[in-house]
Amino acid sequence: MASAKRFPLVAVDVGNSRVKIGVFEHPFAEPLPHAARAASVGLDWTESDLAATFPQGPADHDWWIASVNRPATARLVDWLKQAGVTSVRQLADTDLPLVVELAHPERVGMDRLANAVAVNRIREPGEPAIVIDMGSALTVDLVSAKGAFVGGAILPGIGTSARALHEFTDLLPLVDVTEPPPALGKSSIEAIRSGLYWGAVGGVRELVAQLAPDPLAAQIFLTGGAGPLFAGVLAAESARPPRFVPHLTLAGIAIAADGAAPPKGSR
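Draft legend 1. Just the nonpolar core, in detail. Ranked by internal contacts, the top residues of the largest apolar core, which has 36 residues, are Leu-9, Phe-24, Leu-32, Leu-98, Leu-113, Leu-248 and Ile-253. With near-sequence residues (within four places) excluded, Leu-248 lies in contact with Leu-32, Ala-114, Asn-115, Ala-118, Val-119, Ile-122, Val-131 and Thr-223. Among the nonpolar cores identified, the runner-up in size contains 25 residues, and Leu-138, Ala-218, Leu-222 and Leu-229 belong to it.

Draft legend 2. Quick look at the packing of aromatic side chains. Counting across every chain of the model gives 4 aromatic pairs. Ring centres of Trp-45 and Trp-79 lie 5.4 Å apart, and the angle between their planes is 80 degrees; on these two criteria the pair is classed as edge-to-face. Pair noted here: Trp-45 is in the loop between strand S3 (37-42) and strand S4 (62-67) and Trp-79 is in helix H1 (residues 70-82), with a separation of 34 residues, a long-range link. For the residue pair Trp-45 and Trp-79, the accessibility class agrees, reading buried in each case. Seen from their ring centres, Tyr-197 and Phe-230 are 4.7 Å apart, and the 15 degrees between their planes marks the pair as stacked. Here Tyr-197 is found in helix H4 (residues 188-211), whereas its partner Phe-230 is found in helix H5 (residues 227-236), with 33 residues between them in sequence. The ring of Trp-45 carries Arg-75 above its face, with NZ or CZ at 4.1 Å from the centroid.

Draft legend 3. Local environment of the sheet that holds S4. If you trace the 5 strands from one edge of the open sheet to the other, you get S3-S2-S1-S4-S5, paired in mixed fashion. Whereas interior strands pair on both sides, the edge strands pair on one side only; in this sheet they are S3 and strand S5 (88-90). Averaged over all pairs of adjacent strands, the angle between their axes in this sheet comes to 15 degrees, without regard to strand direction. Two elements, S4 and S5, share 3 bridges in a ladder whose sense is parallel. Across the sheet, the residue bridging to Ile-65 is Gln-90, located in S5. Here helix H6 (residues 248-259) sits on the sheet in contact with strand S1 (9-14), strand S2 (18-24) and S4, set at roughly 130 degrees to S1.

Calculation criteria
- Throughout, a residue's number is its position along its own chain's written sequence, starting from 1.
- Thresholds applied to this predicted model are a pLDDT of at least 70 for local features of residues and 80 or more for the giving and counting of side-chain atom pairs; totals over whole chains, interfaces and linings are not thresholded and use all residues.
- To obtain the side-chain values, all non-hydrogen atoms of the structure were included, while hydrogens and water were left out.
- Throughout, nonpolar core names a set of buried Ala, Val, Leu, Ile, Met, Phe, Trp, Tyr and Cys residues whose side chains join them through atoms within 4.5 Å.
- Buried means the residue's accessible area, taken with a 1.4 Å probe over protein chains only, is under 20% of the maximum for its type, while exposed means over 50%, and partly exposed covers the values in between.
- We call two residues contacting when some pair of their heavy atoms lies within 4.5 Å.
- We call Phe, Tyr and Trp rings a pair once their centres come within 6.5 Å, taking the six-membered ring for Trp, and we label the pair stacked below 30 degrees between planes, edge-to-face above 60, and tilted otherwise.
- Helix numbers and strand numbers start at the N terminus; a helix is a DSSP run of H or I with at least 4 residues, a strand a run of E with at least 2.
- The rule is short: NZ of Lys or CZ of Arg within 6 Å of the ring centre and within 35 degrees of the ring normal puts a charge over the ring.
- Strands qualify as paired when DSSP identifies two bridges or more between them.
- To define axes, lines are fitted to C-alpha atoms, for helices over the stretch in contact only, and angles between the resulting N-to-C directions are given on a 0 to 180 degree scale.

What follows is the structure in structure tokens.
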């Protein structure tokens, strides 16, 4: 199938707390494809949550799904079938234009691999890249100078850590972090916010230092829902400030979809 016949296509990133959807209506312009419309909904989404993204319904699109959440994906696929969508494909690691230098590529989160696919479009040739994705899980991954995914680290995201503190203690409240807090907390809530935020910052900084001992050697890309909360503070002390790229995962999924075999039943 020629690339131009793939459109419009829908890229879907099914995560552990949200489902992110991007509609790509035209063949891609360099360096990254840009979604004409995008939505992010909770796992308890309703049909009305998607109405603005698909005013004419979802059936006239090819759907490409990358998932780290099997139950949430099953729910979405069931809804798509009921809505008359016949072109649905769940991407696997073998569908991605990416070398994965790990023993079991099929066990790596598809969001991490999709990020690497997208970063290979925008990193400087011949230079490695570090991808920081700040979602429910906070991942710090390394893409080699040759463009291979070579691994990384996974730690809890801010929201996940906040829920763990609340659910596994008797008295600590559930708090959110909407802006960089002072390091010195003057109450339990302030102390939790400080620990969540600056603990994540410290973890990311140390991992970046471990993955790229030469601070000028690797480009750093930041994405994920909590990315804007960290962009400024990570840039302030970085020899090479990170570049924030929203919808990086969706772009990687769309790139993979454009090169993969069409979904079963695709028009």
